[in-house]
Amino acid sequence: MELRTASSPRDVKHYTTERLREEFLIQTLFVAGEIKTVYSHIDRIITGAAVPVTPLVLTAGEEIRAEYFLQRREMGIINIGGKGTVTVDGRDYVLEYKEGMYIGMGSKDITFASNDGETPAKFYFNSAPAHKTYPTVLIRPEGTEEEGVVIVKDSNKVELGSLEESNHRTICKYILPGQVESCQLVMGMTSLKPGSVWNTMPCHTHDRRMEVYLYFEMPEDACVFHYMGEPTETRHIVMRNEEAVISPSWSIHSGCGTRAYTFIWGMVGENQAFDDMDGVAMTDIM
Ligand SMILES: O=C(O)C(=O)C[C@H](O)C(=O)CO
Ligand SMILES: [Zn+2]
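All values derive from a computational prediction rather than experimental measurement. One numbering rule holds for all chains: residues counted from 1, following each sequence as written. Numbering of ligands from 1 and lettering of chains from A proceed in the order in which they are written. Confidence filtering applies because this is a predicted model: local features only for residues at pLDDT of at least 70, side-chain atom pairs given and counted only at 80 or more, and all residues used for totals across whole chains, interfaces and linings.

Draft legend 1. Region of interest: the overall build of the protein chain. Elements are defined by DSSP. Helices are runs of H or I of four residues or more, strands are runs of E of two residues or more, and each kind is numbered from the N terminus. Check the secondary structure of the protein chain and you find two helices and 25 strands. Here the globule rule reads 2.2 Å times residues to the power 0.38, and the radius of gyration is calculated from C-alpha atoms. A compact globule built from 286 residues should have a C-alpha radius of gyration of about 19 Å, and the protein chain, at 18 Å, falls within 12% of that. In terms of its C-alpha atoms, the protein chain occupies a principal-axis envelope of roughly 55 × 40 × 35 Å. A residue is called partly exposed when the number of other C-beta atoms within 10 Å of its own lies between 12 and 20, exposed at 12 or fewer, and buried at 20 or more, with C-beta atoms placed from the backbone. The 286 residues of the protein chain split such that 43% are buried. Look at the contacts in the protein chain between residues 6 or more apart in sequence, and 71% of them connect residues 24 or more apart. Here, residues touch in the contact sense if the C-beta positions derived from the backbone fall within 7 Å of one another.

Next comes the structure, spelled out in structure tokens:
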């Protein structure tokens with residue numbers, strides 16, 4: 001498990017490109033046959049990915065000094081690869097492309113498997129400290145509700161922006177109060193419409209929550225200029241396909257791509273109110 005420490009905005013404004021990337025950018029998360037994890041001191045979020053060629057077992061690791069990974073934690077997963085199965089304490093959950101899961105605190109044995117090792121599942125996950133066990137469920141953006149399966153409500157699919165502003169996109173909220181209960185994790189996916197390139201612009205901060213973005217569905221030669229920093233001290237990080245970026249609570253998190261793309265966002269911290277953001281006026285950003 002890789003460790004990232006927290007940072008002060010007063011220091012970050014002096015960082016070079018290299019240092020910014022070292023502290024906030026997460027590369028090579030998706031490695032065939034491996035589970036990769038990055039532990040951040042910011043709200044103690046763990047960002048990770050499992051790409052099983054043959055089944056992979058999630059283990060706690062020395063760093064969290066737990067008997068098993070979710071002994072004191074909860075986890076949200078979204079599959080961005082081929083069809084796969086997550087087995088939680090003996091129960092199988094089959095995840096198609098862009099289907100997700102919430103796994104509650106106390107779940108002991110977690111295994112990731114792909115239906116076909118040639119086109120493996122790519123399970124992206126965020127995990128945060130938890131204090132209570134909420135039900136483990138499979139989350140589908142579309143479909144019919146059944147036992148152990150939650151379908152994203154229409155009210156949690158929000159269309160924002162316009163082609164004229166180059167920011168036409170759909171926000172699909174997977175894990176949030178009233179749909180999939182969790183202790184602190186809020187998670188979802190935003191898809192840009194063809195021709196739109198801006199996410200989260202007009203931008204915002206939320207001092208009450210930190211956030212991690214994972215950019216994907218980008219060709220190899222495409223990139224997203226991810227903007228971070230205090231609203232009047234912005235910096236950018238050039239991001240490629242399937243790379244993640246840590247956004248401290250004091251930072252904006254917004255991106256402009258060379259073409260449309262998709263990203264997964266995960267937030268943890270003080271509250272779970274998605275709309276509790278502090279908007280930055282377009283005239284104030286520097
Ligand atoms: O495109 C957007 O706008 C987003 O997806 C915003 C993120 O969900 C976010 O930053 C939530 O705080
Ligand atoms: Zn945000």
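Draft legend 2. Highlighting the environment of valine 268. With respect to the helices, strands and loops of the structure, valine 268 is situated in strand β24 (residues 262-269). Each C-alpha atom, one on valine 268 and one on lysine 193, is 27 Å from the other, the two residues being 75 residues apart in sequence. Here valine 268 is in contact with Asp43, Ile45, Ala128, Gln184, Leu185, Arg209 and Met210, once residues within four sequence places are set aside.

Draft legend 3. Highlighting the site of ligand 1. Around ligand 1 lies a shell formed by Leu160, Arg169, Ile171, Thr190, Asn199, Thr200, His206, Glu211, His253, Trp265, Met267 and Met277. At the level of secondary structure, the elements contributing two or more residues to the shell around ligand 1 comprise β15 (169-175) and β24. For the shell around ligand 1, the class distribution of residues is five nonpolar, five polar and two charged. The criterion for a residue being near a molecule or strand is a backbone-placed C-beta atom within 6 Å of that molecule or strand. Put simply, Ala, Val, Leu, Ile, Met, Phe, Trp, Tyr, Cys and Pro go in the nonpolar bin, Asp, Glu, Lys and Arg in the charged bin, and everything else, Gly too, in the polar bin.

Draft legend 4. Expanded view of the sheet that holds strand β14 (residues 157-160). Strands were regarded as paired on the criterion that DSSP finds at least two bridges between them. The sheet built from seven strands is open, its strands ordered β2-β22-β19-β24-β16-β15-β14 with antiparallel pairing. The two strands at the open ends of the sheet, each matched to only one other strand, are β2 (25-26) and β14. Of the strand pairs in this sheet, strand β19 (residues 209-216) and strand β22 (residues 243-247) are connected by five bridges, and their pairing is antiparallel. Along β22, the bridge assignment pairs valine 212 with isoleucine 246.

Draft legend 5. Main features of unusual backbone geometry. The amide bond that connects methionine 201 to the next residue, proline 202, takes the cis arrangement and shows omega of 5°. Looking at the element boundaries, proline 202 is found in the loop between β17 (198-199) and β18 (204-205). Notably, serine 166 is not glycine yet its phi reads approximately 60°, a positive angle. Structurally, serine 166 is set in the loop between β14 and β15. C-beta crowding within 10 Å serves as the criterion here: with 17 such atoms nearby, serine 166 is assigned to the partly exposed category. Even without glycine at this site, threonine 200 takes up a positive phi of about 50°.

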